[in-house]
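As a plain string of letters, each chain reads:
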Amino acid sequence: MTAEPLPNGEPGGKVTILFERAQVSVPRRPNETLLESARRAGMTPPFSCEAGNCGTCMAKLLEGTATMRVNDALDDDEVAEGYVLTCQAVPDCDTVTVSYDED
């Protein structure tokens, strides 16, 4: 699924981030990771290595899909449950919601 561009050149769609009981949405940008989207939204979610090795930035996809460029931290069962490394996860669809608040 490819997003239609908006008049300003950005693709359609949005990324919604839930962190510390706050919810913020930003327009989806091509090749931007979920962590980068969260930072652009003014949030300060946890992260460390930004290389897909440590798992500090793990969050759960509640809506949509995303592909991780690298995953050296999550087990197959965590991925099956919808968890992603936000420093490596890039949305595959127009609308994605991710929560850092999931246990």
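None of these values were measured; they are calculated from a predicted model.

1. Here we look at the packing of aromatic side chains
Thought 1: Scanning all chains against the criterion turns up 1 aromatic pair.
Thought 2: Each ring, one from phenylalanine 19 and one from tyrosine 100, has its centre 5.7 Å from the other, and the planes form 75 degrees; the classification is edge-to-face. One end of the pair, phenylalanine 19, is in strand β1 (residues 14-19); the other, tyrosine 100, is in the segment after β7 (95-99), and 81 residues separate them in sequence.
Thought 3: Given a relative accessible area of 11%, phenylalanine 19 falls into the buried group.
Thought 4: A relative accessible area of 11% places tyrosine 100 in the buried class.
Thought 5: The ring of phenylalanine 47 has arginine 39 lying over it, and the distance from NZ or CZ to the ring centre is 4.2 Å.

2. Some details on the environment of glycine 82
Thought 1: Considering the arrangement of structural elements, one finds glycine 82 in the loop between α2 (76-80) and β5 (83-85).
Thought 2: On the accessibility criterion, glycine 82 (17% relative accessible area) is buried.
Thought 3: In the structure, glycine 82 is positioned 17 residues away from threonine 65 in sequence and 8.8 Å away in space, judged by C-alpha atoms.
Thought 4: Setting aside anything within four residues of it in sequence, one finds glycine 82 in contact with Ala59, Lys60 and Leu61.

Rules of the game
- Residues numbered from 1 in each chain as written.
- Predicted model: local features only at pLDDT ≥ 70, side-chain atom pairs only at ≥ 80, totals over all residues.
- Heavy atoms only, no water.
- Phe/Tyr/Trp six-rings, centres within 6.5 Å; stacked < 30°, edge-to-face > 60°.
- Helix = DSSP H or I, 4+ residues; strand = E, 2+ residues; numbered from the N terminus.
- Buried < 20%, exposed > 50% of the residue type's maximum accessible area, 1.4 Å probe, protein only.
- Lys NZ or Arg CZ within 6 Å of the ring centre and 35° of its normal.
- Contact = heavy atoms within 4.5 Å.

Remember that the coordinates give geometry; whether it matters functionally is a separate question.
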